[in-house]
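Examining the three-dimensional arrangement
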Amino acid sequence: MENPFENAMQQLSKAASIMNLDKNIHEILKQPDRVLTVSIPVKMDNGEVKVFTGFRSQYNDSLGPYKGGIRYHWNVTPDEVKALSFWMMIKCATVNIPMGGGKGGIIVNPKELSESELEKLSRGFIRKIWRNIGSDKDVPAPDVYTTPQIMAWMRDEYEKLLGKSDPGVITGKPIEQGGSEGRSFSTAQGGVYCVQELAKKMNWDPSQTAVSVQGYGNAGSFMAKILHELGFKIVAASDSKGGVYKEDGFNPEELFKHKQESGSVLGFKDTKEITNEEILELDTDILVPAALENVITDKNANNIKAKAVVELANGPTTPKADEILKEKGVTVVPDVLANAGGVTVSYFEWDQNVKSEHWSEEEVLEKLERIMVDAFDQVWETKEKYGVDMRTAAFVKAIERVGEKISF
Ligand code: NAD
C-alpha cells in the first residue's frame, strides 16, 4: 500500500525543483501546522461506552482559514488525513480562493452505528476540537460517509459551546440551515467547465467527443448529465457492480433512473456489459474517473486509449501512471483542478454565511464558471511555460501563491 503522505511530498518536491522554490518555504511546506488527535467517548445504545479516535489536520492557513472535509471511515490514518489536508491546500490555491488546507477523519464504520450513536459521535468530535475551529480559523465540510445532517449537528454543537451563532463554521449544510444553492452538483459542474475549456484548446466538437465515466454517484452522474445536455456523447458508465457501454451514446438521465430503480447501472437497455477495468481502457476521447483513488496505475496506464483524463475522483492516477500518460501524450486534468468546483461552492457558502447573504443558483454558477475558467487557463499557461503536465503545473501555481504569503 502506497503511503499517501509520501506521495504528496514527492509531488511537492517535483514542483519545488521545477519552480526553483526557496528551500525555507519548501521545508515549511513539508509539515502540517498542526494535527489534532482526539479520543471521543460515545455511550452506545447498549449502555456501554466505546472510545473512537478522530483527527483534524490543519496544513497551512496562509491564504485563509483551513478548509476541508471530515470523513468517517474504518481505514482513516493520520498520514492519510495529513496528505488530504496538503492536497486541500493545493486545491484551494489552484483555484485561487482565500482558504487554506485542512482535513479530518474518525476511525469508524458509520454503517454499524444507529442514528443517535452517529449524532453523539459527531457532537463529541466537535467538543474535542471546537477551540481550534471557527469561521475565521478552520471550516470543515462533508467527505466520505458524512452528510449535511452530520454538518448540521456539528454546527449546532459548536454554536452551543461558543455561546453565539457562527453558521460559517461548517459548510455542506442543508440549504434551510445556511447551505448554498448549487452545492449538490458543484463538483461535476466545475469538471464540466474544465472539459469545455479543454475542448476549446483541442478544437473538439462536443457531438464528436465520446466520454466514459467510472463511478455513477454524485460527481459522476451529474457530470454525465450536464455534458450530455451540452451535446457530448456519453458512451460508458459504471458503478461498484460493473459498467455499461454503447458506442453511439445513451441518455445519462435514463441511466440514472435505471440505477435508482434497479440498484445498478447494469442491465440498462441496448448496452453491452463491461467491467470496471475495461471502462478505463475503452477507445473514448475523455475518461472521467469518478469513483476511487489509485485506479490508473503503472499496470494499466499503457492501455489507456482516451485522449484526456478528467479526474473528478481524488487521487485516481498514481505518480508512476502519470509519467506513462505524459509519455503517451494523454492530457490529465488533475483532481486539484477538475474537482475543485466542490470546495469553491463550499467557499461561497462560507462567504454567504459570514456576509449574511443568500445567492441564487444563477449567481453561484456565474461565479463558479469565472473561477474555474481562470484557474484552467492559468494552469494551462504554467504547463506551457515549464513544459510539464497539468498536475505539476497546478502544484507550481498553487505553491507560488501559498509561498508568497508565508513569512518566517
Ligand atoms: P458517491 O459515493 O456518490 O459515488 C461513488 C460512485 O462510485 C458510486 O456510483 C459507486 O457505486 C461507485 N464505485 C464504488 N466502488 C467502485 C468501483 N470499485 N469501481 C467503480 N465504481 C465504484 O461519491 P462521490 O461524491 O460521487 O465521489 C466520487 C469521487 O469524487 C471520490 O473520489 C470523491 O473524493 C471525489 N470528489 C467528490 C466531491 C463531491 O462533492 N461529491 C468533491 C471532490 C471530490
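Located above this text is the structure these notes cover.
Values in this document were obtained by computation on a predicted structure and should not be read as measured data. (Residues numbered from 1 in each chain as written. Predicted model: local features only at pLDDT ≥ 70, side-chain atom pairs only at ≥ 80, totals over all residues. Heavy atoms only, no water.)

1. Structural notes on the site of the ligand
Not every one of the 18 residues close to the ligand is listed here, only the nearest: Thr 187, Asn 218, Ala 219, Asn 276 and Asn 314. Coverage of the ligand by the protein chains reaches 69% of its 830 Å² of free accessible surface. (Near = heavy atom within 4 Å. Areas by Shrake-Rupley, 256 points an atom, 1.4 Å probe, with all protein chains shown as cover.)

2. A word on the sheet that holds strand E5 (residues 138-142)
The mixed open sheet is built from 5 strands, whose spatial order is E1-E2-E4-E3-E5. Strand pairing shows two members of the sheet lacking a second neighbour, strand E1 (34-43) and E5, which therefore form its edges. For this sheet the average axis-to-axis angle between neighbouring strands, irrespective of direction, equals 25°. Of the strand pairs in this sheet, strand E3 (residues 66-73) and strand E4 (residues 100-107) are connected by 6 bridges, and their pairing is parallel. Bridge pairing links Tyr 66 to Gly 100 in E4. (Pairing = 2+ DSSP bridges. Helix = DSSP H or I, 4+ residues; strand = E, 2+ residues; numbered from the N terminus. Axes fitted to C-alpha atoms, helices over the stretch in contact; angles between N-to-C directions.)

3. Here's the deal with a nonpolar patch on the surface
There is a patch of nonpolar side chains on the surface, built from Trp 74, Val 144 and Tyr 145 and spanning about 270 Å² of accessible area. By the secondary structure assignment, Val 144 is in the loop between E5 and helix H5 (148-162). (Patch = residues over 30% accessible without salt bridge, like charges linked within 9 Å, V, L, I, M, F, W, Y side chains within 5 Å. Salt bridge = Lys/Arg side-chain N within 4 Å of Asp/Glu carboxyl O.)

4. Remarks on the nonpolar core
Formed by 84 residues in total, the largest nonpolar core has its most connected members in Phe 86, Met 223, Val 288, Val 333, Leu 337 and Ile 399. Here this core gets 9 residues from one element, more than from any other, and that element is helix H12 (residues 361-386). Lining this core are residues from two domains, each supplying at least three of them: domain 1 (31-173) and domain 2 (185-338). Once residues within four sequence positions are removed from consideration, Met 223 is found in contact with Ala 188, Gly 191, Val 192, Val 195, Val 288, Val 310 and Leu 312. Counting residues in each nonpolar core, the second largest holds 25 residues, with Ile 40, Ile 129, Ile 150 and Ile 170 among its members. (Core = buried A, V, L, I, M, F, W, Y, C linked by side-chain atoms within 4.5 Å. Buried < 20%, exposed > 50% of the residue type's maximum accessible area, 1.4 Å probe, protein only. Domains from an automatic or database assignment. Contact = heavy atoms within 4.5 Å.)

5. Examining the pairing of strand E10 (residues 286-289)
Here E10 shows a buried face lined by Ile 286 and Val 288 and a second buried face lined by Leu 287 and Pro 289. Bridging between strand E6 (residues 210-214) and E10 involves 4 bridges; their strand directions are parallel. By the bridge assignment, Ser 212 is partnered in E10 with Leu 287. Note: E10 against strand E11 (residues 308-310), 2 bridges, orientation parallel. By the bridge assignment, Ile 286 is partnered in E11 with Ala 308.

6. What to know about the pattern of salt bridges
Enumeration over the complete set of coordinates arrives at 29 salt bridges. A salt bridge links Asp 79 to Lys 82; the shortest N-O distance between them is 3.7 Å. In this pair, Asp 79 and Lys 82 both sit in helix H3 (residues 78-94), 3 residues apart, roughly one turn of the helix. Take Asp 79: its relative accessible area is 26%, and that puts it in the partly exposed class. The residue Asp 248 makes a salt bridge to Lys 246 at a minimum N-O spacing of 3.6 Å. Where salt bridges share partners, they join Glu 119, Arg 123, Arg 127, Asp 156, Glu 157 and Lys 160 into one cluster.

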